[in-house]
Structures are given as structure tokens and as C-alpha cells.
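# Breakdown of the fold
Below are the chains, spelled out letter by letter.
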Amino acid sequence: CLWTWTNTVTATAQGPTGRTFTYSWSASPSGTVTPNNTSSVSVSLPTPTSGNQLYTVTVVATDQFGCTATYSDTATVWARPNSSFTVTNTTCDSTTVSPVDGSTSGLTNAGLVYQWTLARGQDTLSLSQIANPQFLLRNRGVVDSTYTIFLIVSNGQSCPDTTSQTITVHPDAKVTLNLGSTSAC
């Protein structure tokens, strides 16, 4: 579920005492193995844009006599979801904002699991797990307040993606009225 799946892979070649081995690695249909000539390597496999991709990682161990052993294993890398939403980025006190979800799962026929968080500074103010929640934003002060809405979506393979947007809440105008005299003829 990562943008690039990276893992450390170790091969252990066995043989009679005194044998030394060299290693050659590959990943198919694509991928990067670094370094390629040691028993412990880092394998990076690209994440598909949709569905999944089955990769085969192969190591060939060759001893000093030219005897070889080959071993392959597979890894399935799933597409990540893409979290996104739209929301008004500036509003006034006591306004309900309704983020509109635009997330995609990256998988066919896979729903999304939502985790919305409304925060102001370090304080978590509200949580929601529906696709299109509503949040009441308040500002009773005299200077602008800033709220942040975070969205984490996960697809059917528990692959997550996160995005956030900041909203500025302006305080309502304060007005007073002085009529001077409140009676007249």
C-alpha cells in the first residue's frame, strides 16, 4: 500500500564449510534491488495505480565452484486510495461546514473507511466516520481562528492515505447602537 513498497530481504545460502557465495537478485515485472550482489538487500516495488500487482523477487546464489541455487518468492502490492475533499476555506462564526468527499479507493468494488478529525491547534474537537460529515465552527473572539480538517481514508486492503485542509473562521462583526435620546415628541 505504500507509494513504493520497500523491504529488506535476506537470503541465506547453505553448503559445505568453506564455500563462499555471490548473489544476484531480480524483481519482476519491475522493481529495484540494491545493492544487487550481497545476501541482504533492499527491494523496492512500485505501487500500481489501481488494483494490485504481483511481483516475483528472485535470488541466485553461486558458490566459488559455479554451483548455483535459485529461490523466488512473491509479494502482492495493492493500490493506495487517494484521499481528497473540498470545503469552503473561509467562513464566519457559528457556520456549519460540510466537506465533500472526493476520495477514490484504487480498488475495484472496494469501499472506503473514513476517519475525519476537526482540530484547532493541538486540540481534537470532533471525529466522524461518515463520507460527508458536518462540523460547526465557532469564533467568539475578535481575531481570526484557524481550524484544520484531516481526512484519513483506507481501502479494502487497509491501505491508508491522508489529506488535510485549513479553514479560517472570522469573528462576527460587533455592533453597538447609541440613539442618544430614546424618547421624542
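First things first, this report covers the structure right here in the doc. Just so it is clear, the model here is predicted, and its values are computed rather than measured.

### Points about the packing of aromatic side chains
- As enumerated under the stated definition, the model contains one aromatic pair in all.
- When the ring of Phe85 is compared with that of Trp116, the centres are 5.0 Å apart and the planes differ by 70 degrees; the resulting orientation is edge-to-face. Here the residue Phe85 occupies a position in strand E7 (residues 85–86), and Trp116 occupies one in strand E11 (residues 113–120), the gap between them amounting to 31 residues. Trp116 shares its class with Phe85; the two are buried.

### Overview of the sheet that holds strand E12 (residues 123–128)
- Spatial strand order, E8-E15-E14-E11-E12: five strands in an open sheet with mixed pairing. Unpaired on one side and paired on the other, strand E8 (90–92) and E12 mark the two borders of the sheet. Along the sheet, successive strands turn relative to each other by an average axial angle of 25 degrees, direction set aside.
- Bridging between E8 and strand E15 (residues 160–170) involves three bridges; their strand directions are parallel. Along E15, the bridge assignment pairs Cys92 with His170.

### Some words on unusual backbone geometry
- Along the chain, Ser28 connects to Pro29 via a cis peptide bond; the corresponding omega equals 15 degrees.
- Positionally, Pro29 belongs in the loop between strand E2 (21–28) and strand E3 (32–34).
- The omega torsion of the bond from Thr34 to Pro35 falls at -25 degrees, within 30 degrees of zero and hence cis.

The rules behind the values
Here the residue numbering is sequential within each chain, running from 1 through the sequence in written order. The predicted nature of this model means local features are confined to residues of pLDDT at least 70 and side-chain atom pairs, given and counted, to a pLDDT of 80 or more, with totals for whole chains, interfaces and linings taken over all residues. Calculation of side-chain values draws on the structure's entire complement of heavy atoms; hydrogens and water are dropped beforehand. Any two rings among Phe, Tyr and Trp, with Trp reduced to its six-membered ring, count as a pair given centres within 6.5 Å; such a pair is stacked if its planes are under 30 degrees apart, edge-to-face if over 60, and tilted if neither. Under the DSSP-based scheme used, a helix requires at least four consecutive residues in state H or I and a strand at least two consecutive residues in state E, with every element numbered from the N terminus. Categorising residues by exposure relies on relative accessible area from a 1.4 Å probe, with only protein chains included: less than 20% of the type maximum marks a residue as buried, more than 50% marks it as exposed, and the intermediate range marks it as partly exposed. The rule for pairing is simple: two strands pair if DSSP sees at least two bridges between them. A fitted line through C-alpha atoms represents every axis, and for helices the fit uses only the stretch in contact; the resulting angles, taken between N-to-C directions, go from 0 to 180 degrees.

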